[in-house]
Amino acid sequence: MFQQTGLLFLLIILAVSAAAQDTLPKFSLVNKGGNKVVVSWTNNYGKRIRQLSVQRSADSTKNFTSILTLPDPTVPQNGFVDNKAPNGRMFYRLYILLDSGKYVFSLSRRPLQDTVKAKPAIKETSRVDQRIQEQPKAENKKTVPDEPVIKEINRPKEIPERMIYLKKRDTLLGQIGERTLKRFRDSIATKTKDTLSFNTADTIVIKNFIPREVYKPSKFVFTERDGNVKIVLPDASSKKYTIKFFDENNTAVLEIKLVKDSMLILDKANFIHSGWFKFELMEDGVLKEKHRLFIPKDF
């Protein structure tokens, strides 16, 4: 019931004062007594207005706080009853946001006394109004107090994506976006195949993964601790085995055309020098193993 009465009170006030309402960004401001202040206006921006807030402050230039933001600011004639005003000498202003991104602050002002209930009161001006009135007429023409300053909203600029140069040795392969680079973070961290690594802050180099070779000696032909070569062929008596040895230049060094014993020791002196040697083990004319062994230096 109280809400319906308050709404009816606001509608009556707005209907009575509609003819006297100022067009935005100007607005009408009346003190109805009992700390009730009526703020009303006529919307001349139409559908261009996106937000309208009523602000209140005890000072004419700062410490303004929004006390109402309208759900539909495009209504042609609208208003608001401030039932919680601390006193009738508070300053009011409007914040208006347009669809273009520009916004407007109206001039701040104090409410006038209701002429129906009280004698006409002397209009109290804000500190800004007083400074304008004290200026010479010539300056008053240059600074139009009724025209609010329209400012552009400082919208945050979109930061462009940082591009990373992709190189392989000294060859530039292309560019890759910083967002796309995140897909390869595991490769950079674990250094897997085709590892990406930062050369500078904005340059990445592709390094091909070369696995470290792990030597595993043959179980048939291998070097013992003393440097001699041991040959182990358990079924040598039943099969025909042939072994050829080569140096690193594939030059033939030694050949055993028929291995008759299941175990045979070759003196390292047969290999002339130390180093890596290759060998081919043939079983009944078929290649059984192709491998290599190392002959150490004789100290």
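Please refer to the structure higher up on the page.
Here we summarise the structure given alongside this text.

1. Overview of the overall build of the chain
Item 1. What the chain contains, in helices and strands, is five helices and 20 strands.
Item 2. Taken over 299 residues, the chain has a buried fraction of 34%.
Item 3. Accessible surface, the chain: about 20600 Å² in total, of which carbon and sulfur atoms supply 53%.

2. Examining the pairing of strand β7 (residues 102-105)
Item 1. For strand β6 (residues 91-98) and β7, the ladder comprises three bridges, and the chain directions are antiparallel. The partner of tyrosine 95 across the bridge, within β7, is phenylalanine 105.
Item 2. Between the antiparallel neighbours β6 and β7 lie three residues, among them glycine 101 with a positive phi of about 95°.

3. Here's the deal with unusual backbone geometry
Item 1. Here the bond from leucine 24 into proline 25 is cis, since omega is 5°, no more than 30 degrees from zero.
Item 2. With respect to the secondary-structure elements, proline 25 resides in the loop between α1 (2-17) and β1 (28-33).
Item 3. Phi is positive for isoleucine 272, close to 70°, though the residue is something other than glycine.
Item 4. Structurally, isoleucine 272 can be placed in the loop between β18 (263-266) and β19 (275-283).
Item 5. With a phi angle near 55°, aspartate 284 is a residue other than glycine that sits in the positive phi range.
Item 6. Tracing the backbone through its elements, the reader meets aspartate 284 in the loop between β19 and β20 (286-295).
Item 7. Relative accessible area serves as the criterion here: at 47%, aspartate 284 is assigned to the partly exposed category.

4. A few points about the side chain of lysine 268
Item 1. Tracing the backbone through its elements, the reader meets lysine 268 in the loop between β18 and β19.
Item 2. Among the residues examined, lysine 268 registers a relative accessible area of 18% and is labelled buried.
Item 3. Excluding residues within four positions of it along the chain, lysine 268 makes contact with Asp226, Gly227, Asn228, Ile295 and Asp298.

5. Observations regarding the packing of aromatic side chains
Item 1. Scanning the entire structure with this criterion turns up eight aromatic pairs.
Item 2. Here the aromatic rings of tyrosine 103 and phenylalanine 105 are separated by 5.7 Å at their centres, their planes lie at 80°, and the arrangement is edge-to-face.
Item 3. Note on phenylalanine 105: relative accessible area 31%, which makes it partly exposed.
Item 4. On the numbers, 5.0 Å between centres and 70° between planes, the contact of tyrosine 215 with tryptophan 276 is edge-to-face. Within this pair, whereas tyrosine 215 is found in the loop between β13 (203-207) and β14 (221-223), its partner tryptophan 276 is found in strand β19, the two being separated by 61 residues in sequence.
Item 5. A residue is classified by how much of its surface remains accessible, and tyrosine 215, at 33% relative accessible area, is partly exposed.
Item 6. Look at tryptophan 276 and you get partly exposed, because its relative accessible area is 25%.

6. So, the sheet that holds strand β17 (residues 252-256)
Two modes of strand pairing occur in sheets, parallel and antiparallel, and in both the strands are linked by backbone hydrogen bonds.
Item 1. Spatially, the four strands line up as an open sheet ordered β17-β16-β19-β20, and their pairing is antiparallel. Two strands lie at the open edges of the sheet, namely β17 and β20, each paired on one side alone. Strand-to-strand twist of the sheet, defined as the mean angle between neighbouring strand axes without regard to direction, takes the value 20°.
Item 2. In terms of strand pairing, strand β16 (residues 241-246) meets β19 through six bridges, oriented antiparallel.

7. Re the sheet that holds strand β2 (residues 36-42)
Item 1. Taken together, the four strands give an open sheet; going across it, the order is β5-β2-β1-β8, and neighbouring strands pair in mixed fashion. Only two strands of the sheet have a single neighbouring strand rather than two, namely β5 (77-82) and β8 (112-113).
Item 2. With five bridges joining them, β1 and β2 adopt antiparallel strand pairing. The residue bridging serine 28 from the neighbouring strand is serine 40, located in β2.

8. Some thoughts on the pattern of salt bridges
Item 1. Counted according to the given criterion, the structure contains five salt bridges.
Item 2. Where arginine 56 meets aspartate 82, a salt bridge forms, and the shortest distance between an N and an O atom there is 2.6 Å. Taken as a pair, arginine 56 in strand β3 (residues 49-57) and aspartate 82 in strand β5 lie far apart in primary sequence, 26 residues in all. For the pair shown, arginine 56 and aspartate 82 are each scored as buried.

9. Concerning the environment of lysine 268
Item 1. Note: C-alpha distance between lysine 268 and lysine 230 (38 residues apart in sequence) is 10.0 Å.
Item 2. Among the polar contacts made by the side chain of lysine 268, one reaches the main-chain carbonyl oxygen of aspartate 226 at a distance of 3.2 Å.

10. Topic: the nonpolar core
General note: in soluble globular proteins, nonpolar side chains tend to be found buried as a group.
Item 1. In terms of nonpolar packing, the biggest core is built from 19 residues, with Leu24, Val39, Trp41, Leu52, Tyr92, Leu94 and Ile96 touching the most fellow members.
Item 2. The set of elements that each furnish at least two residues to this core consists of β2, β3 and β6.
Item 3. In terms of residue count, β6 provides more of this core than any other element does, four residues in total.
Item 4. Residues within four places of valine 39 in sequence aside, it is in contact with Phe27, Ser28, Leu29, Val54, Asn78, Gly79, Phe80, Tyr92 and Leu94.

Calculation rules
Residues numbered from 1 in each chain as written. Predicted model: local features only at pLDDT ≥ 70, side-chain atom pairs only at ≥ 80, totals over all residues. Heavy atoms only, no water. Helix = DSSP H or I, 4+ residues; strand = E, 2+ residues; numbered from the N terminus. Buried < 20%, exposed > 50% of the residue type's maximum accessible area, 1.4 Å probe, protein only. Areas by Shrake-Rupley, 256 points an atom, 1.4 Å probe, with all protein chains shown as cover. Pairing = 2+ DSSP bridges. Contact = heavy atoms within 4.5 Å. Phe/Tyr/Trp six-rings, centres within 6.5 Å; stacked < 30°, edge-to-face > 60°. Axes fitted to C-alpha atoms, helices over the stretch in contact; angles between N-to-C directions. Salt bridge = Lys/Arg side-chain N within 4 Å of Asp/Glu carboxyl O. Polar contact = N/O pair within 3.5 Å; in protein donor to acceptor, adjacent residues only side chain to side chain. Core = buried A, V, L, I, M, F, W, Y, C linked by side-chain atoms within 4.5 Å.

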